[in-house]
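Architecture and fold: a report
Letter by letter, the chains look like this.
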Amino acid sequence: EDLKDILSLYEASHLAYEGEDILDKAKTHTTKYLKNILLEMDSSDNYEFMKELIRHSLEIPLHRRMVMLEARWYIESCKKKEGTNMTLLELAKLEFNMAQSVLQQDLKSVSWWWNNLGLAKELSFSRDRLVECFFVAVSLMYEPQFSSYRQGLTKVASFITTIDDIYDIYGTMSELELFTDAVERWDIDVVQSLPNYMKICFLALYNTINEMAYGFLRKHEHNIIPNLAKLEEIARGGTVNSISCYMNDNGVNEEQARQHIKVLIDGAWKKMNQELFFITKDTIGSNAFMKSFLQSTINLARMAHCIYHRGDSHSSPDPKSKKEVLTLIVEPITD
């Protein structure tokens with residue numbers, strides 16, 4: 001009978017493990033109930049905040065949302081809610097703006113690196129997506145103390161995007177074979193066999209990765225080049241995706257394919273929920289690094305929901321995706 005309780009049960013059902021049929025039923029029933037109640041609610045101020053919460057949760061539940069972006073959304077929503085504790089709200093705004101200021105410095109640093117590298121200018125056919133790559137890094141690890149992590153991941157993601165375009169839209173098969181061999185061997189002498197645009201990309205990649213590895217080796221006495229050097233992509237068709245593949249293989253329409261993929265996504269989340277709980281309970285203890293590492297794996301899945309929920313906001317950002325980047329990184333909360 002209490003709408004807030006129904007919404008809470010709906011959110012809780014997304015933390016289910018495999019085989020928890022009661023929570024599966026709870027999700028089905030609460031989803032149906034919340035969709036129906038939206039149609040019945042009037043537009044009075046008393047219901048507006050709750051309607052906004054319900055619409056937001058039905059789109060993507062809280063457990064699957066990008067943490068810092070969700071914090072910004074909730075702060076903005078609470079401004080419109082009657083009875084909000086204004087002291088707590090001011091503290092939330094302050095904390096968000098402080099964290100955002102660190103992100104701005106991180107972005108300034110990687111922007112200088114990217115512009116100085118000149119790869120986007122030299123390889124004009126490739127996507128220039130530095131800010132989107134930084135957005136991915138923030139979604140995985142947003143806490144202020146992880147600046148070096150965000151900057152390193154942004155560099156890697158920028159190269160992945162560029163190399164993906166080389167494989168998908170520009171390189172010939174013979175050129176791609178040469179490039180793949182060069183990266184796998186990680187040998188500077190091989191660069192002479194590459195065409196000029198690939199020489200530029202490989203040398204930029206080689207120098208950046210080795211510089212990152214050198215810094216890590218000095219700090220942690222561990223060689224990470226074998227982990228960072230494997231960025232080559234297998235050439236693939238640009239329009240192929242899981243939905244079109246399932247439609248083609250099973251002779252079903254798009255809606256049926258989407259429902260099937262949704263079931264697969266729900267199943268993957270159940271496995272992650274269960275694994276995260278048991279790993280955390282049994283092996284981590286007070287290991288702060290392991291806790292952060294595990295949290296970043298969950299955040300990786302949340303990032304995928306955020307970026308691909310309405311299409312591909314990495315390759316083709318829509319106005320809403322651009323607004324999310326601005327509110328997360330650029331625009332502070334001012335009122």
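Here the structure is shown first, and the text comes after it.
Residues numbered from 1 in each chain as written. Predicted model: local features only at pLDDT ≥ 70, side-chain atom pairs only at ≥ 80, totals over all residues. Heavy atoms only, no water.

On to the overall build of the chain, then. A count of helical and extended segments in the chain gives 15 helices and 0 strands. Dimensions of the chain along its principal axes, counting C-alpha atoms only, are 70 × 55 × 45 Å. Burial status across the chain gives 40% buried among its 335 residues. Of all intrachain contacts in the chain linking residues separated by at least 6 positions in sequence, the fraction that spans at least 24 positions is 65%. When the accessible area of the chain is evaluated, it comes to approximately 19,400 Å², of which 56% is carbon and sulfur surface. Charge separation in the chain, taken as the distance between the mean sites of 37 positive and 48 negative side-chain charges, equals 3 Å. (Helix = DSSP H or I, 4+ residues; strand = E, 2+ residues; numbered from the N terminus. Buried < 20%, exposed > 50% of the residue type's maximum accessible area, 1.4 Å probe, protein only. Contact = heavy atoms within 4.5 Å. Areas by Shrake-Rupley, 256 points an atom, 1.4 Å probe, with all protein chains shown as cover. Lys, Arg positive; Asp, Glu negative; His and termini not counted. Charge placed at Lys NZ, Arg CZ, Asp CG, Glu CD.)

Taken N-terminus to C-terminus, the directions of helix α5 (residues 86-117) and helix α8 (residues 147-170) make an angle of 40°; their axes are 10 Å apart at the nearest point. Here α5 lies oblique to α8, going by the angle between them. In this structure, α5 crosses over α8, and the sense of that crossing is right-handed. Note on element contacts: α8 touches α5 through S147, R150, Q151, T154, K155, S158, F159 and T162, opposite V102, L103, D106, S109, V110, W113, W114 and L117. (Axes fitted to C-alpha atoms, helices over the stretch in contact; angles between N-to-C directions. Parallel < 35°, antiparallel > 145°, perpendicular 65-115°, else oblique. Left-handed = near helix turned anticlockwise from the far one by under 90°.)

Turning to the environment of T172, a few remarks are in order. With respect to the secondary-structure elements, T172 resides in the loop between α8 and α9 (173-185). When the C-alpha positions of T172 and K108 are compared, they lie 35 Å apart, and in sequence the two are 64 residues distant. A distance of 3.3 Å separates polar atoms of two side chains, one belonging to T172 and the other to S174. (Polar contact = N/O pair within 3.5 Å; in protein donor to acceptor, adjacent residues only side chain to side chain.)

In this section: the packing of aromatic side chains. Aromatic rings in a pair are described by how distant their centres are and how their planes are angled relative to each other. Here the structure, examined in full by the defined rule, presents 11 aromatic pairs. Judged by centre distance (6.0 Å) and plane angle (65°), the rings of W113 and F159 are edge-to-face. Residue W113 is located in helix α5, and its partner F159 is located in helix α8; the two are separated by 46 residues in the primary sequence. In this structure W113 comes out as buried when scored by relative accessible area, which is 11%. Residue classification places F159 among the buried positions, given a relative accessible area of 0%. For the pair W186 and F202, a centre-to-centre distance of 5.9 Å together with 65° between the ring planes defines the contact as edge-to-face. (Phe/Tyr/Trp six-rings, centres within 6.5 Å; stacked < 30°, edge-to-face > 60°.)

Right, let's get into the layout of surface pockets. Leftover empty space is mapped by rolling, across the atoms, a probe with the size of a water molecule. Computed from the structure, the second largest pocket encloses a volume of approximately 1,200 Å³. Contributing to the lining of the second largest pocket are 28 residues, with S148, Y149, G152, F216 and I224 lying nearest its centre. For the lining of the second largest pocket, the secondary structure elements donating two or more residues are α8, α10 (196-220), α11 (225-228) and α14 (288-308). Here the element with the most residues in the lining of the second largest pocket is α8; it accounts for 7 residues. (1 Å grid on protein atoms, 1.4 Å probe; cavity = no way out; pocket = protein on both sides within 12 Å on 5 of 7 lines; lining within 4 Å. Points joined across faces, edges and corners; volume = space filled by probe spheres on them.)

On to a nonpolar patch on the surface. Residues L88, L91, L94 and M98 make up a contiguous nonpolar surface patch of roughly 420 Å² in combined accessible area. With respect to the helices and strands, L88 occurs in helix α5. (Patch = residues over 30% accessible without salt bridge, like charges linked within 9 Å, V, L, I, M, F, W, Y side chains within 5 Å. Salt bridge = Lys/Arg side-chain N within 4 Å of Asp/Glu carboxyl O.)

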